[in-house]
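Listed below are the residues making up each chain.
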Amino acid sequence: MAELSYNAPKEVKDLEIFNTIELEDFARLVMPKGGFDYLAGGSGDEFTLRRNVEAFNFKGILPRVAANVEFPDTQTKIFEHELKVPFIMAPIAAHGLAHQSKEAGTARGIHEFGGSLMSISAYSGASFQEISAGLKDTPRWFQIYMSKDDELNKHILDEAKADGASAIILTADATISGNRDRDDKNHFVYPFGMPIVSRYLTGSGKNMSLNNIYAQSKQKISLEDIGFIKEHSELPVFLKGVQTPEDALAGLGAGADGIWVSNHGGRQLDGAPASFEVLEEIALAVAGRVPIVFDSGIRRGEHIFKALASGADIVAIGRPALFGLALGGWKGVRSVFEYFEKDLKRVMQLAGTQTIEDIKHTRLKDLK
């Protein structure tokens, strides 16, 4: 799949969004099949992929009435960042599969929305400079896929910090690729290079499979890597991919400044529970000592609300933003973030919660 043969969408337009679930169906119509399946697909039977969304239906919001609520306030804070909403952009590789503007388009959409934050993947198809041109003064975190060579890791961390990264995300659940049948059937390879990690690949990343790229990254991730990243970068470090209280506590013991609850959007180990199903017990173990970021399966305002009520401090948006990018470029990304802001405020009003702190004290009910 050479770069010239990959015809990514290029239209830039605002989107009228009724729900983000149907964005996937619309994106399927405009994206090349290989790129769409890569972004939309999961591993194995895609049980965990589906469960990520369905699990929210097993917890109910108990609405409080006559609660003196009007114009709910979604402002929140994480580290030094004052955000107007409790959700950010999750780190996702290869935005250029969705749109010709690549990560620069996503970055501009988040900047134009204002008041959020972008997580930049080391497997980005755009350079730090290209992304920064879209982000401007918008805060950003950097997600590292480590090289086997720590000297190269130091150089990558230095570049991320020079670019303005205010935290580092260590993704620990993706040391090899999950068994992604869709990619295998499509013989999927990346149609463009990966400028950030190309220094440790035997090639730029272009025309390489995900398995090949993972194989050249570091597989033997340990708790010591948290300390290495923290000491060299002098930035807060998130441990991402946490799905058990034991790993959360181990991460804290190793110096992690944040815990990121995620199963990689159902793209790694199929048969794992939904991220939402493990969030509450992890939050109880962390007990407020560090911030918790949550991702996987967010499609509605109700999902953001339930994640916050179950212990998350910040929610990360993944596929909906990329499908918005495919359908409308940077304006599509902005439209997705505006939808989530509006939808969350609607849920807050109906649930009787004025602030994000009120959501965190909301009781959810188990549903059969």
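The following paragraphs examine the structure supplied in this document. (Residues numbered from 1 in each chain as written. Predicted model: local features only at pLDDT ≥ 70, side-chain atom pairs only at ≥ 80, totals over all residues. Heavy atoms only, no water.)

**Some words on the overall build of the protein**
Step number 1: When you go through the protein residue by residue, the secondary structure sums to 14 helices and 12 strands.
Step number 2: Since a compact globule built from 368 residues should have a radius of gyration of about 21 Å, the 19 Å found for the protein is in line with a globular shape.
Step number 3: Principal-axis analysis of the C-alpha atoms gives the protein an extent of 60 × 45 × 40 Å.
Step number 4: Relative to its 368 residues, the protein shows a buried fraction of 59%.
Step number 5: For the protein, long-range pairs separated by at least 24 residues make up 74% of all intrachain contacts whose partners lie at least 6 apart in sequence.
Step number 6: Within the structure as shown, the protein displays about 14900 Å² of accessible surface, and the carbon and sulfur contribution to it stands at 51%.
Step number 7: Within the protein, the 49 negative side-chain charges are centred at a point lying 3 Å from the centre of the 41 positive side-chain charges. (Helix = DSSP H or I, 4+ residues; strand = E, 2+ residues; numbered from the N terminus. Rg over C-alpha atoms; globule rule 2.2 N^0.38 Å. Buried < 20%, exposed > 50% of the residue type's maximum accessible area, 1.4 Å probe, protein only. Contact = heavy atoms within 4.5 Å. Areas by Shrake-Rupley, 256 points an atom, 1.4 Å probe, with all protein chains shown as cover. Lys, Arg positive; Asp, Glu negative; His and termini not counted. Charge placed at Lys NZ, Arg CZ, Asp CG, Glu CD.)

**Here's the deal with the pattern of salt bridges**
Step number 1: Applying the stated rule across the entire model yields 22 salt bridges.
Step number 2: Put simply, K161 and E234 hold a salt bridge, and the shortest N to O gap is 3.5 Å. Placement of the pair is K161 in helix α6 (residues 150-163) and E234 in the loop between α9 (224-233) and β8 (237-242), with a sequence separation of 73 residues.
Step number 3: You can call K161 partly exposed: its relative accessible area is 35%.
Step number 4: The partner of D257 in a salt bridge is K230, with the nearest N and O atoms 3.2 Å apart. Here D257 is found in the loop between α10 (245-253) and β9 (258-261), whereas its partner K230 is found in helix α9, with 27 residues between them in sequence.
Step number 5: What you see here is one network of salt bridges that share partners, running through K33, D37, E46 and R182. (Salt bridge = Lys/Arg side-chain N within 4 Å of Asp/Glu carboxyl O.)

**Overview of the pairing of strand β11 (residues 314-317)**
Step number 1: Residues I314 and A316 line one face of β11 and the alternating positions V315 and I317 line the opposite face, and both faces are buried.
Step number 2: One ladder, built from three bridges, connects strand β4 (residues 87-89) with β11; its direction is parallel. Bridge pairing in β11 places F87 opposite V315.
Step number 3: Taken together, the two bridges between strand β10 (residues 292-294) and β11 define a ladder with parallel strand orientation. Opposite F294, over in β11, you have V315 as the bridge partner. (Pairing = 2+ DSSP bridges.)

**Considering the environment of L170**
Step number 1: Here L170 is to be found in strand β7 (residues 165-171).
Step number 2: When the C-alpha positions of L170 and A55 are compared, they lie 26 Å apart, and in sequence the two are 115 residues distant.
Step number 3: Among all residues touching L170, those that are not within four sequence positions of it are I144, M146, I221, D225, I226, I229, V237, F238, L239 and K240.

**Quick look at the packing of helix α4 (residues 102-113) against helix α13 (residues 319-351)**
Step number 1: Across the interface, α4 lies against α13 with an axial gap of 9 Å and an inter-helix angle of 35°. Where α4 crosses over α13, the handedness of that crossing is right-handed. Along its contact with α4, which presents K102, G105, T106, R108, G109, I110, E112 and F113, the element α13 presents L325, W330, V333, R334, F337, E338 and E341.
Step number 2: Across the contact of α4 with α13, the residue classes tally to six nonpolar, three polar and six charged. (Axes fitted to C-alpha atoms, helices over the stretch in contact; angles between N-to-C directions. Left-handed = near helix turned anticlockwise from the far one by under 90°. Nonpolar A, V, L, I, M, F, W, Y, C, P; charged D, E, K, R; others polar.)

**Some words on the environment of F192**
Step number 1: One can find F192 in the loop between α7 (181-186) and α8 (210-216).
Step number 2: As a C-alpha pair, F192 and L97 span 95 residues in sequence and 9.0 Å in three-dimensional space.

**Considerations on the side chain of H303**
Step number 1: Within the secondary structure layout, H303 lies in helix α12 (residues 301-309).
Step number 2: A polar side-chain atom of H303 sits 3.0 Å from the main-chain amide nitrogen of R299.
Step number 3: Discounting chain neighbours no more than four positions away, the residues touching H303 are V53, F56, G297 and I298. (Polar contact = N/O pair within 3.5 Å; in protein donor to acceptor, adjacent residues only side chain to side chain.)

**Let's talk about the packing of aromatic side chains**
Step number 1: Evaluation of the coordinates by the stated rule reveals 20 aromatic pairs.
Step number 2: By way of ring pairs, the aromatic residues F87, F113, F337, Y339 and F340 are connected into one cluster.
Step number 3: Positioned over the ring face of F192 is K102, at 4.7 Å from the centre of the ring.
Step number 4: In this arrangement the basic side chain of R267 is found over the ring face of Y38, its NZ or CZ atom lying 4.6 Å from the centre. (Phe/Tyr/Trp six-rings, centres within 6.5 Å; stacked < 30°, edge-to-face > 60°. Lys NZ or Arg CZ within 6 Å of the ring centre and 35° of its normal.)

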